[in-house]
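Okay, here's what each chain looks like letter by letter:
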Amino acid sequence: MRRAAPWVHGVRDTPAPFWAMESLLREYPISSAEGLALMRLAEALLRVPDAETAIALTADQLGKAEFDAPGEGPHRMLASLSASAIAMSKRFLPGAEGESGLLKRLGAQTVVAATVRAIQLLGRQFVLGRHISEAMAEADSQRRQQTQLRFSYDMLGEGARTEADAQRYLASYLAAVERIAAGPRNRGPEASDGISIKLSALFSRYEESQRDRVFADLLPRVWQLAQAAARADMNLTIDAEESDRLELSLDVFEALAARIAQAHPQWRGFGLAVQSYQTRALEVVDEVARIARTHGLRFMVRLVKGAYWDGEIKRAQEAGLAGYPVFTHKHHTDIAYLACAQALLGHADAIYPQFATHNAGTIGAILQMAHGGSAKFEMQRLHGMGEGIYREVMGVSDVPVRVYAPVGEHRDLLAYLVRRLLENGANSSFVHQLADPQVDVDALLASPLVPAAQPGLPMPAALYGARPNSTGADLACVAQREPLMHAIAGARIEAVKEASAEQIDAAMQRLHAAYPRWNEVPLAERAATLRRAADALDARLAEFCGLLVKEAHKTLGDCVAEVREAVDFLRYYADQAEQRLAVQTLPGPTGEHNELRLHGRGLFVCISPWNFPLAIFAGQVAAALVAGNTVAAKPAEQTPFVAQRMVALLHEAGVPVDALVLLHGPGETVGAALAADRRTAGVCFTGSTAVARIINRTLAGKDGPIVPLIAETGGINAMLVDSTALPEQVVDAVVQSAFRSAGQRCSALRLLVVHEGIADAVIEMIRGAMQELVVGDPALLATDVGPVIDGEAFAGIRSHVERLRREARLIGETPVSSTFARLIAPVAFELESIADVKQEIFGPVLHVVRWKGDIDAVVAQVNALGYGLTLGIQTRIDSRALRIANAARIGNVYVNRNMIGAVVGVQPFGGEGLSGTGPKAGGPHYLYRFCAEQTLTINTAAAGGNAELLAGLSH
Ligand code: NAD
């Protein structure tokens, strides 16, 4: 604090140039509409190939904010420059009043060109050079001013999605190492410039599930780079990435250390980055020191706070993990940073620490810590940031400072820049507060060693408040994976006996007779039964995953997600029943009591498909039961055993055996008989549109009461991609949505409609990404795509693919080496038009169509397919996304993400048109359809007058 205060004053007395990150954040804080709009524009505008879309994007983002509002402060130059340019832009852009036609169009194009230029200029402040030579020349020029500077070059780009990407990054890293090596020599890695590399750029499948390939394919590439760096005696740092790669990265690191110890034992330049926001950070530091000592090496370790915080939190919540892998309080990260710094300085024999921070308090604390000790170390900052603070620091200390310097085209820079803006733009960030003169120096430099003022985020389990989130498993973590693998190995599927006509009749009789008793069980008790079942299922995650792998041939990740969904259904419907089905008192005239009561309709028939044999099965049954119905449950022919186990679990949890009976058998006989039975008071069906129609006709053909049919059926699901979308994000979403679960999800992507301006690039990347998928035995962690359900499905999909080979243009097909039965290689075809897609192919088959012109016309064509289940939209134009969603006659719309894996209560699921009747499963309107309603009106004045009114009067 004492040390750092003068630095802060120094920085504030000499403000950063108007283009620095600090100034930018001050002018347009991320928390403001303007800041967000600028950031979004900067991220996307440069990659948009066509003028039309660029104009739409600019208008969309600039239209959201008030750039022309008067401002004050030392950065008027930027403010007035941008304000007038942007105010002018807004006048010219579509939607503005005034001139129209050609003049307006020309005006808009000029404005967009100016905005592009402005963003390029902005980008230039954060990238050292477009290529390594330019960057090195710039580094030399900066060094002439500040001799303590060293550089670590970072070649910008998204992670590799394809082998071609990876080879391109490898070549670019190698060229950079060679170019740096050609510079001044013999100063050793600490005093000379180095390079930072990302392993995710060098291999498209750098993830725990592909561990063998990581060692077989990625390791030799990193080794090639390490050798080149060792020969040049320079620093090569492996950057830190997401926490689910942490252990894998340490294993790769150690394998490289072993090779270095053999081939280059003198080299002191190999290193990695450690993130202090990881709760495991301190252990990582000790582990790295251990690896160094084991192999007789010394490493360079960059200590950072961490750049993926928001993503880590989201992933832990989505996956229902037991805790977060990162600290949820900013100041806990700061404390961890200091603890790690101390540990690193303590490992001086094995580690040369590189402290990367822009926080004056942290820098002061580190200099204090190191004071008087003999440990050598350096500080690091990002190019374009923290220059003010380090100017002050270097004025009073001769500590070496290294600049982390992005190198690349502006296009690639912007995603990086946005990440940095997000990281530093938070109100709690030091850089943000430094720029704000309202924050006083004492507060800015306050010690992080204070207890948290308020609790951080709720744990992933508490995400939904009172309703516990289902427990997930982190498959990247051996300890959590092991019980699942064990359960899968031990799972045995037993034959389930088919119900005969007599058994069906007897069961229906029992269920019919049991209805009044079950319906009278208090709501709270029925709900409690579901919650008990949920807890039991949650605890038996591994066992049910085993059954799902063996009976439904689902991959590991899919199994975990499915058991979780079933647990969520049970808990959600229990809550919904209590909230929505309780007796409601209604307003009315005095002297009368009115109430609305809901109760079960009677005997409900639930018919489910094989693709979610646990979740859909349990969801239907739970909803029907909690509403007060008894249930005849018919699972799909292919998957009766999982269903039988689930029914047993429900019985154990307290559902009376007479209230729920499993009736297994072919749809054409058992299913048909159940639908036709005169005692059936309603049918809940999920499956194909064709069967839904048969059931509908059966019900319509019966005499007696007209009963409800809840039908959830298939879809021809499209994803619309415009030219503002980021191709890497699109490809991730496409591959997951079209091919995961072997395309056997009703929500799966069937039809990708991509703007012609980016279609070639996107299609090429999809082709490349398809090559990297692993098709095989679903019981193996490495498998991305398992087999299809049965021989009939296999033959059907195959014949469709053969037809498409004749009628359409093949884009790509995943190579398959496994001999596991019924594998269908993911395959993609390009078609001429949307109308060429005639039906749902329930497998890993993707159709691609290009679009141009009017997106509204594209939406109309998708609507014209008649289905309405899921829709993906990829665009950075927010108003466009909303317009598409409004025009789409589709049940579940997903923007800028994949379009599968709806979560109970979060994305209630179900479609319209040919895709189903609704109401949505896992949504607030579902239970009503299982109920009959009754009002009860009591004339309270009947016996002798209105006591209530009279009592009020006498007051
Ligand atoms: P399917 O229609 O062949 O079978 C579904 C169920 O209906 C099975 O239990 C089957 O035995 C039964 N059945 C078949 N004929 C019957 C008849 N005449 N009378 C009564 N019951 C009969 O569907 P599937 O192949 O099991 O599942 C795949 C289909 O389900 C796809 O079209 C998919 O899109 C759809 N699906 C929709 C959703 C959704 O929520 N919208 C969810 C999953 C699957």
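Everything here concerns the structure above.
## A closer look at the sheet that holds strand 12 (residues 630-634)
The strands that make up a sheet are held in pairs by hydrogen bonds between backbone atoms, and each pair lies either parallel or antiparallel.
Here comes step 1: Pairing in this open sheet of five strands is parallel, and the strands run 13-12-11-14-15 from one edge to the other. Whereas interior strands pair on both sides, the edge strands pair on one side only; in this sheet they are strand 13 (660-662) and strand 15 (709-712). This sheet shows a mean twist of 15° between the axes of neighbouring strands, independent of strand direction.

## Section: the pattern of salt bridges
Here comes step 1: One pass over the full model with this rule turns up 55 salt bridges.
Here comes step 2: Between Glu207 and Arg205 there is a salt bridge, with its nearest N and O atoms 2.9 Å apart.
Here comes step 3: Judged by relative accessible area, Arg205 falls into the buried class, the value being 8%.
Here comes step 4: As a salt-bridge pair, Glu764 and Arg767 come within 3.0 Å of each other at their nearest N and O atoms. Of this pair, Glu764 and Arg767 both sit in helix 31 (residues 756-771), separated by three residues, roughly a single helical turn.
Here comes step 5: Under the relative-accessibility criterion, Glu764 is labelled partly exposed at 44%.
Here comes step 6: It is possible to trace a salt-bridge network through shared partners that takes in Arg205, Glu207, Arg740 and Asp784.

## Quick notes on the packing of helix 23 (residues 523-539) against helix 27 (residues 640-653)
Here comes step 1: With their axes 8 Å apart at the nearest point, helix 23 and helix 27 run at an angle of 125° to one another. Between helix 23 and helix 27, the crossing angle belongs to the class labelled oblique. Handedness of the crossing formed by helix 23 with helix 27: right-handed. Residues Thr529, Arg532, Ala533, Ala536 and Leu537 of helix 23 pack against Met646, Leu649, Leu650 and Ala653 of helix 27.
Here comes step 2: Residue composition of the contact of helix 23 with helix 27, grouped by class: seven nonpolar, one polar and one charged.

## Regarding the nonpolar core
Here comes step 1: Among the nonpolar cores identified, the biggest contains 98 residues, and Tyr153, Ile197, Ile238, Phe299, Phe355 and Ile389 are the most heavily contacted of them.
Here comes step 2: Of all the elements, helix 11 (residues 211-232) adds the most residues to this core, at eleven residues.
Here comes step 3: When near neighbours in sequence (up to four residues on either side) are disregarded, Tyr153 contacts Leu128, Ile132, Ala135, Met136, Ala139, Ile180, Asp193, Gly194, Ile195, Ser196, Ala405 and Val407.
Here comes step 4: Ranked by size, the runner-up nonpolar core spans 73 residues in total, among them Phe604, Leu614, Ala615 and Cys684.

Thresholds, definitions, all that
Residues numbered from 1 in each chain as written. Predicted model: local features only at pLDDT ≥ 70, side-chain atom pairs only at ≥ 80, totals over all residues. Heavy atoms only, no water. Pairing = 2+ DSSP bridges. Helix = DSSP H or I, 4+ residues; strand = E, 2+ residues; numbered from the N terminus. Axes fitted to C-alpha atoms, helices over the stretch in contact; angles between N-to-C directions. Salt bridge = Lys/Arg side-chain N within 4 Å of Asp/Glu carboxyl O. Buried < 20%, exposed > 50% of the residue type's maximum accessible area, 1.4 Å probe, protein only. Parallel < 35°, antiparallel > 145°, perpendicular 65-115°, else oblique. Left-handed = near helix turned anticlockwise from the far one by under 90°. Contact = heavy atoms within 4.5 Å. Nonpolar A, V, L, I, M, F, W, Y, C, P; charged D, E, K, R; others polar. Core = buried A, V, L, I, M, F, W, Y, C linked by side-chain atoms within 4.5 Å.

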